[in-house]
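If you want the building blocks of each chain, they are given just below.
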Amino acid sequence: MKKQFEGESDDTLIEKYLASGHSDYFEPLVERYEKYAYIYAYSLLNNQFDAQDVVAESFLKAFTKIRQYRLGSNFKNWFLRIVHNGCFDLLRKNKTMISLDDLENSESLYNDEALSYDNIDSLDFGETRKYLERLPHELRGVVILRYYYDWEYKTICEFLKIPMGTLSSRLNRACSKLKNYMKEEE
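Along every chain, residues carry numbers that run from 1 in the direction the sequence is written. For this predicted model, a pLDDT threshold of at least 70 governs which residues receive local features, and a threshold of 80 or more governs which side-chain atom pairs are given and counted, while totals over whole chains, interfaces and linings are taken from all residues. Heavy atoms throughout the structure, all of them, feed into the side-chain values; hydrogens and water do not.

## A word on the pattern of salt bridges
Side chains carrying opposite charge are able to pair once their charged atoms draw close together. Salt bridges are defined as contacts in which a side-chain nitrogen from Lys or Arg sits within 4 Å of a carboxyl oxygen from Asp or Glu. Summed over all chains, the structure comprises five salt bridges. A salt bridge links Arg134 to Glu184, with the shortest nitrogen-to-oxygen separation between them at 3.2 Å. Remark: Glu184 occurs in helix H10 (residues 164–185) and Arg134 occurs in the loop between helix H7 (129–132) and helix H8 (137–148); sequence separation between them is 50 residues. Across the pair Lys154 and Glu158 runs a salt bridge whose closest N-O atoms are separated by 4.0 Å. Taken together, the residues Lys154 and Glu158, both in helix H9 (residues 153–160) and four residues apart, mark about one turn of the helix. Neither Lys154 nor Glu158 differs from the other in exposure class; each is exposed. Numbering goes from the N terminus for both helices and strands, where a helix is a DSSP run of H or I of at least four residues and a strand is a run of E of at least two. The buried label goes to any residue with under 20% of its type's maximum accessible area, the exposed label to any with over 50%, and the partly exposed label to all in between, with areas taken from a 1.4 Å probe on protein chains only.

Pasting the structure below:
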C-alpha cells in the first residue's frame, strides 16, 4: 500500500476519490480488501479462478458504483456484499452443484497453493475444513462469517438481508450437519 495513504480511513479515501476522481485514492481500498474478498469468494465457490474473477469484477463494480456507498457505513461490508452477490450470481448462472465425489477430486480451500496467498492465519479451520466444504453454499457462508470472521449476528443479518430467525436456523442446520459429518467418519 502506498505509504501516504496507510493510516487513512476508508471513508477518507473515498471522499478524496469522489472529490478528485484520481484512482490513486481507490487503490489502497483494493489492497486492503483483496485478500479478504478472495478468501470469502473462494470459500463459497471452491474454485480459484472463479473466485479471482468475481473479486476482480466486484472491485470494478465497486469502483463504478462508489457514489452509491453511504459514507459513514462500513466499506468492507458494502464491498463484501458485492462479492457475495457476484458469487451467487455465478453459482446461479452455472447452476453449480458440488457433489461429494467432486469434493474429493477438487483443490482444497485450505491448501496454500490453491489460495495463492501465503500465511493466511484466518483460514485455520483445522479438522472441520473437509466437513465445511460439504455444506451447501448458504450454510457455509454463514458459518464462515460467524465463526471464522467473527461477525456479530446483527451484522450478518444486515449483510445477507435475512431475518435473525433465518440466520439462527442456518447456523443450527450447519452445526448439525457438521456434527453428523464428523460422526459418520468416526
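## Some words on the nonpolar core
Only buried residues count toward a nonpolar core, which is a set of Ala, Val, Leu, Ile, Met, Phe, Trp, Tyr and Cys residues joined through side-chain atoms within 4.5 Å. With 54 residues, the main nonpolar core has Tyr40, Phe75, Val83 and Leu145 as its most contacted residues. Looking at this core, the elements that each hand over two or more residues are helix H1 (10–20), helix H2 (27–45), helix H3 (48–64), helix H4 (75–94), H7, H8, H9 and H10. Counting residues per element, this core draws most heavily on H2, which supplies 11 residues. Working rule for contacts: check all heavy atoms of both residues, and any pair within 4.5 Å makes them a contact. Leave out the neighbours within four places in its chain, and Val83 touches Ala37, Tyr40, Ala41, Val54 and Ser58.

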